[in-house]
Structures are given as structure tokens and as C-alpha cells.
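# A look at the structure
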Amino acid sequence: MGNICGKTDSEAFSQPGRVLGTAPPQPQRASVPAHVGGPPRTLGGSSQAQSQSQANNEGNAAADARMRAAEAAQARAEAASARSSGKLGAQLAAQKKQTRNDTLQEISNNERRLREADEAAQARVHN
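About the cut-offs
- Residues numbered from 1 in each chain as written.
- Predicted model: local features only at pLDDT ≥ 70, side-chain atom pairs only at ≥ 80, totals over all residues.
- Heavy atoms only, no water.
- Helix = DSSP H or I, 4+ residues; strand = E, 2+ residues; numbered from the N terminus.
- Buried < 20%, exposed > 50% of the residue type's maximum accessible area, 1.4 Å probe, protein only.
- Areas by Shrake-Rupley, 256 points an atom, 1.4 Å probe, with all protein chains shown as cover.
- pLDDT = per-residue confidence, 0-100.

## Remarks on the overall build of the protein chain
When its secondary structure is counted, the protein chain shows four helices and zero strands. Listing the helices and strands of the protein chain from first to last along the sequence gives α-α-α-α. The proportion of buried residues among the 127 residues of the protein chain is 2%. Element-wise, carbon and sulfur atoms account for 54% of the exposed surface of the protein chain, whose accessible area totals about 12400 Å².

## A few points about the confidence of the model for the protein chain
When pLDDT is low, close inspection of the predicted coordinates is not appropriate. In this model, the protein chain carries an average pLDDT of 78, and 76% of its residues clear a pLDDT of 70 or more. Confidence, expressed as mean pLDDT per element, reaches its minimum in the protein chain at helix 1 (residues 47–53) with 53 and its maximum at helix 4 (residues 100–125) with 94.

## Re the environment of Ala 65
As for its placement among the helices and strands, Ala 65 is situated in helix 2 (residues 58–82). For Ala 65 and Leu 43, which are 22 residues apart along the polypeptide, the C-alpha to C-alpha distance reads 7.9 Å.

Okay, structure coming up:
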């Protein structure tokens, strides 16, 4: 019996073989350059100004970069939260603002209304 998902036996011999004890051919690799770039730089900073002040303000540059990254993340978060997608977005925002007690109160009110509707239906059916 054969394998349902496997290859047929004829495909196993479609490529030329190799002699026993030899290694398979190695793929070509790109050579690695001996020297890459220059001194490390902070993203977003100008390289000339940074190289001049690197000796003086190395600690300040890292702190500034962290502060800028935090401000950018804050701006992205505010932009994402300010965006709403119409009616559903407004409903989602209102639902996120609800506290646990508000949610429980809303569920309780819905259950009361359902019970009252059931009682009214029972009263109409009863002769």
C-alpha cells in the first residue's frame, strides 16, 4: 500500500545521485564585508551633530532618544484611541468606559425586563 500524501517512487530518482561518502552540494553564500558602517548612532539624530557632541553628551543622547521614543509611543496611543469607526466605535468606547458595577446593573435590568415580559405573556394566555 502506498502513502496517500507522499511522492511517488519515480520522483526519488529524477535527480542525479552522488557517490557514497560525499557531502551534498553547499548553496552559494554572500560574503560578509570586513568593515560595516562606523560608530553606533541613535536613530533620528543627525550624524554630524551627534559625532561632535558624542564625547560630551553620550548619556544625554540616550536619555533624549528614550524620551523621544516615549513621546512618539504616547502620540500613537492617543491617535489610536481618538479614532472611532462610527456607531460601532462609539459603542465600543462606551462599553470600555463602563465599570463592573455598571455592567452588572445593565444585565440585571435586562433580566428584569425579560421576566416582566414573560409574566405579561403568561397573564395574556391565562383564561
